[in-house]
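# Analysis of the macromolecular model
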Amino acid sequence: MLGFASEEAEAIAGAVQRFAARAIGEHLHEAAQAQLTPALWRELGELGVLGLKPGIGSTENSLTAAAVYALGYAAFPGPLSNIYLARALLDGEQADLIESGELIVALGDRNRMPWATLASAFIALEGDSAFLVDAEIGASADTLGGEHWAHVATNEKDYLGAWTRFTVQAELPLAAYLTGACNRLLDETAAYAAERKQFGRAIGEFQGVSLPLAEASTHVEAALNLLKLAAHRLDLGAADAPALIVSAGRLARNAAIELAYVAHQTFGAFGVVKDGAVFGLTRRLMQWAHQAPKASLPDDLVSLTSNVSLLLMTNPASAATAHLMSGEDAAFLEEVRAFLAPFRSIQNYLVTQDHAESDRFYKALAERNWLALGWPKEHGGLGASRLQEFLL
């Protein structure tokens, strides 16, 4: 279970996982090296994945997130970060062909485009504007992710308007694919760290390996939790949901870049060579995290953690957050609020140079054993979940 908001979303993720395993293989090295073909893309269309319609006013955002997350976990190839944006920009027969998988769209700048050698339609982005263009395909362009890129010469056909009005269609699938791919990479890297021996011990027992992996894992999970929350709020029509989707995309990009480095450090030279287990996926993560069009992040959403905290604190019992918190978690949040109320006036001691108030606060935390909230009970902690640590 992935923890998406509905049984239908979980079912779609499961169907996509089974399809991907059959189509490109289950082993990561094999899957990440798989090449996209028109026939494979049509199969994805027949499955119904390309016909999903994320966006403002849609109720298919959680379904889309679940499906594309599963494709990311499988390391499935193709323009999955851009196809829903292209579908939103186009209409009529072209939109129908995208949904069926008959039409592959290249979306990029006027000089180089991903998947150009397989595409039959081309969209060029300039700033916030999108243009449907004719493209003359030139020499192929090598990429980190080993994708079908090419140099192109373009002639403008139609102005499609501002692509930024479809920010959700750009950010949601990107965040879903990146978090899925990151969790696959985490699984592979953690398994390697548990098996690889140095000095008679698994390298995962060394803090220099385990701590960076644990930190990267936390960042990936934060991005995924924010994605699930934002997608569900979009389905419910919440006004803040588009901004949360943008935040999830930004957090997923950062987590992907961090994890790619950590995975290479863990695997050592084996992770860097082309025939290594994670070569293809780590490079795809780095490439997608940098290349995708980026929507501007609202000023009041610069700190992702602060905004999720604010969302949970201001409306914890809403239907949009209930699936993320159990009754026990919601009760714990209320307990934390009550605990914090008397300390609201405390100022940062770096400003006041007065440690008395902060000492009182931390002693109160210690009395509840909240300084060891997530520690195992056998080591003197409370054994709380990571969500409760986050809520505190």
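All of the points below concern the structure found in this document. (Residues numbered from 1 in each chain as written. Predicted model: local features only at pLDDT ≥ 70, side-chain atom pairs only at ≥ 80, totals over all residues. Heavy atoms only, no water.)

## Observations concerning helix α16 (residues 355-367)
The cut-off we apply is this: The numbering of helices and of strands both runs from the N terminus, where a helix is a DSSP run of H or I of at least 4 residues and a strand a run of E of at least 2. A helix is expected to span 1.5 Å for every residue after the first. Only protein chains enter the accessibility calculation, which uses a 1.4 Å probe; a residue whose area is less than 20% of its type maximum is buried, one above 50% is exposed, and one in between is partly exposed. The directions from the helix axis to the C-beta atoms form the arc being described.
For α16, with 13 residues, the first-to-last C-alpha span of 18 Å sits near the 18 Å given by 1.5 Å per residue. Taken together, the buried positions of α16 are S358, F361, A364 and L365. Along the axis of α16, the buried positions cluster into a sector of 120°, meaning they face one direction only. Facing away from the buried side of α16, by more than 90 degrees, are the exposed residues K363 and E367. N369 sits one or two positions beyond α16 and adopts a positive phi of about 65°.

## Observations concerning the side chain of T189
Note the following rule: N or O atoms within 3.5 Å of each other form a polar contact, as long as, within protein, one can give a hydrogen and the other can take it, and as long as residues adjacent in sequence are counted only when both atoms are side-chain atoms. Working rule for contacts: check all heavy atoms of both residues, and any pair within 4.5 Å makes them a contact.
With respect to the helices and strands, T189 occurs in helix α7 (residues 167-195). With relative accessibility at 0%, the residue T189 sits in the buried group. From its side chain, T189 meets the backbone oxygen of L185 in a polar contact 2.7 Å long. With sequence-adjacent residues up to four places away left out, T189 is seen in contact with L213, A263, T266 and F267.

## Overview of the pairing of strand β1 (residues 105-108)
The condition that has to hold: Note on pairing: DSSP must find at least two bridges between two strands before they are called paired.
A two-sided burial pattern is seen for β1, the buried positions comprising V105 and L107 on one face and A106 and G108 on the other. Of the pairings in the sheet, the one linking β1 to strand β3 (residues 121-126) comprises 4 bridges and is parallel in character. When the bridges of β3 are listed, V105 appears paired with A121.

## A closer look at the packing of aromatic side chains
The geometry of an aromatic ring pair comes down to the distance between the two centres and the angle between the two planes. Rules: Only Phe, Tyr and Trp rings are paired, with Trp represented by its six-membered ring, and only when their centres lie within 6.5 Å; those with planes under 30 degrees apart are stacked, over 60 edge-to-face, the remainder tilted. Placement of a positive charge over a ring is assigned whenever Lys NZ or Arg CZ falls within 6 Å of the ring centre and within 35 degrees of the normal to the ring plane.
Per the stated rule, a full pass over the model turns up 10 aromatic pairs. Seen from their ring centres, F19 and F76 are 5.7 Å apart, and the 40° between their planes marks the pair as tilted. You can see F19 sitting in helix α1 (residues 7-24) and its partner F76 sitting in the loop between α4 (61-74) and α5 (83-89), a full 57 residues away along the chain. Like F76, F19 is buried. Seen from their ring centres, F343 and F361 are 5.2 Å apart, and the 75° between their planes marks the pair as edge-to-face. You can see F343 sitting in the loop between α14 (327-340) and α15 (349-352) and its partner F361 sitting in helix α16, a full 18 residues away along the chain. The structure contains a cluster of three or more aromatic residues connected by ring pairs, namely F332, F339, F343, F361, Y362 and W370. The ring of F131 is capped by R110, whose NZ or CZ atom sits 5.1 Å from the centre of that ring.

## Quick notes on the pairing of β3
Among the 6 residues that make up β3, 5 are buried, leaving the element largely enclosed by the rest of the structure. Pairing of β3 with strand β4 (residues 129-141), which is carried by 5 bridges, proceeds in the antiparallel orientation. Counted as the bridge partner of A124 is F131 from β4. If you look at the hairpin formed by β3 and β4, you'll find 2 residues sitting between the two strands, and G127 has a positive phi there, around 60°.

## Section: the nonpolar core
Defined as follows: Here, the term nonpolar core denotes a set of buried Ala, Val, Leu, Ile, Met, Phe, Trp, Tyr and Cys residues that are joined through side-chain atoms within 4.5 Å.
Judged by nonpolar contacts, the single largest core of 105 residues is most densely connected at L44, F76, I123 and L227. No other element matches the 14 residues that α7 contributes to this core. With near-sequence residues (within four places) excluded, F76 lies in contact with F19, A20, I24, L40, L44, L71, Y177 and R284. Counting 12 residues, the second-largest nonpolar core is a separate cluster that includes L333, V336, F339 and W370.

## Some thoughts on the packing of α1 against helix α3 (residues 38-47)
Test applied: With axes taken as lines fitted to C-alpha atoms, and helix axes fitted only over the stretch in contact, angles between N-to-C directions fall between 0 and 180 degrees. For this classification, under 35 degrees means roughly parallel, over 145 means roughly antiparallel, 65 to 115 means roughly perpendicular, and everything else is oblique. Crossing handedness is read from the near helix: turned anticlockwise from the far helix by less than a right angle, it gives a left-handed crossing, and turned clockwise, a right-handed one.
Running from amino to carboxyl end, α1 crosses α3 at an angle of 160°, the nearest separation of the two axes being 12 Å. One finds that α1 runs roughly antiparallel with respect to α3. Handedness of the crossing formed by α1 with α3: right-handed. Together, V16, F19, R22, A23 and I24 of α1 and L40, E43, L44 and L47 of α3 make up the contact between the two elements.

## Things to note about the side chain of Q169
Inspection of the secondary structure assignment puts Q169 in helix α7. You can call Q169 buried: its relative accessible area is 10%. Leaving out residues up to four positions away in the same chain, Q169 has contacts with P54, G55, Y84, L85 and A88.

## Concerning the packing of helix α8 (residues 207-235) against helix α9 (residues 241-267)
Our working definition: Under the scheme applied, nonpolar residues are Ala, Val, Leu, Ile, Met, Phe, Trp, Tyr, Cys and Pro; charged residues are Asp, Glu, Lys and Arg; polar residues are all the others, including Gly.
The N-to-C vectors of α8 and α9 enclose an angle of 160°; their axes lie 8 Å apart at closest approach. Between α8 and α9, the angle is such that the two are roughly antiparallel. Where α8 crosses over α9, the two elements pack in a sense that is left-handed. Partitioned by chemical class, the residues of the contact of α8 with α9 number 22 nonpolar, 3 polar and 3 charged.

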